[in-house]
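# Descriptive analysis of the structure
Here is what each chain is made of, one letter per residue.
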Amino acid sequence: MKKILLFALAAILFNCNGSAQKKETKKDSFPITKTEAEWKAELTKMEYYVLREAGTERAFSSPLNKKYEKGVYHCAACDTPLFKSEHKFDSGTGWPSFDKEIEGNVAFTTDYEIGYARTEEHCATCGGHLGHLFNDGPKATTGKRHCINGVALKFVPENNTKDE
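These remarks concern the structure in this document. Per chain, residues are indexed from 1 in the order of the written sequence. This being a predicted model, a pLDDT of at least 70 is required before a residue's local features are given, and a value of 80 or more before pairs of side-chain atoms are given or counted; all residues contribute to the totals for chains, interfaces and linings. With hydrogens and water stripped out, all remaining heavy atoms of the structure feed into the side-chain values.

### Observations regarding the layout of surface pockets
- In this model, the second largest pocket occupies a volume close to 230 Å³.
- Within this scheme a cavity is a closed region of a 1 Å grid, computed over the protein atoms alone, that accommodates a 1.4 Å probe without allowing it to escape, whereas a pocket is open but has protein on both sides within 12 Å along at least five of seven lines; lining residues each have an atom within 4 Å of a point. What lines the second largest pocket is a set of 16 residues, and nearest its centre among them are T56, R118, H129, G131 and H132.
- Sorting the residues of the lining of the second largest pocket by element identifies β6 (118–123), β7 (129–134) and β8 (145–148) as the ones contributing at least two each.
- Only runs of H or I of at least four residues qualify as helices and only runs of E of at least two qualify as strands under DSSP, and these elements are numbered from the N terminus. By residue number, the principal contributor to the lining of the second largest pocket is β7, which donates four residues.
- Looking at side-chain class alone, the lining of the second largest pocket contains five nonpolar, six polar and five charged residues. Grid points are joined across faces, edges and corners, and a volume is the space filled by probe spheres set on the points. Basically, the charged four are Asp, Glu, Lys and Arg, the nonpolar ten are Ala, Val, Leu, Ile, Met, Phe, Trp, Tyr, Cys and Pro, and anything else, Gly included, counts as polar.

Spelled out as structure tokens, the structure:
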């Protein structure tokens, strides 16, 4: 009986959900920080779910998925320019996809939420969750696929953009 108790105690203490696998707290590591109440007041329910709680919108639900006009895709929470339309492509996944980000405006962390490591993308200004980065993009360009939730983005047509 003592062996079983000792084994159970060891299993509880050394379970696979150790601190190395927990999502890092990023709250204060971005230039724009707000309270959860402030974010909730500024964002729609879906924007809050995706940007602040790292949720995912339903595939093929974003009108930005099939948008191919010239312009820049900005963060829906803080208006930081994130992706240029010239780097957008149809991945067939149901989410807006890009082969390149605007350098310095997207931050990357490791996400273990589904049991294995993935590269999670955040707005480098406000920390909002954007989506994930995969290595199955167009081989002719970067080979990367930035799979981004459309609700995390705001499209600014070319004639309305400043020099980015």
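Don't stop here, the text continues.
### Here's the deal with the environment of D111
- With respect to the helices, strands and loops of the structure, D111 is situated in strand β5 (residues 106–111).
- Along the chain, D111 and E121 lie ten residues apart, while their C-alpha atoms are 9.4 Å from each other.
- Look past the residues within four positions of D111 in its chain and what remains in contact with it is Y116, A117, R118, E120 and H132.
- Identification of polar contacts relies on pairs of N or O atoms within 3.5 Å, with a donor-acceptor requirement for protein atoms, meaning one able to donate a hydrogen and the other able to accept it, and with residues adjacent in sequence counted only if both atoms are side-chain atoms. Within the local environment of D111, its side chain forms a polar contact with the backbone nitrogen of E113, the two atoms lying 2.6 Å apart.
- Looking at D111, its side chain comes within polar contact range of the side chain of H132, at 2.7 Å. Contacts were defined at the residue level, with two residues in contact if any of their heavy atoms lie within 4.5 Å.

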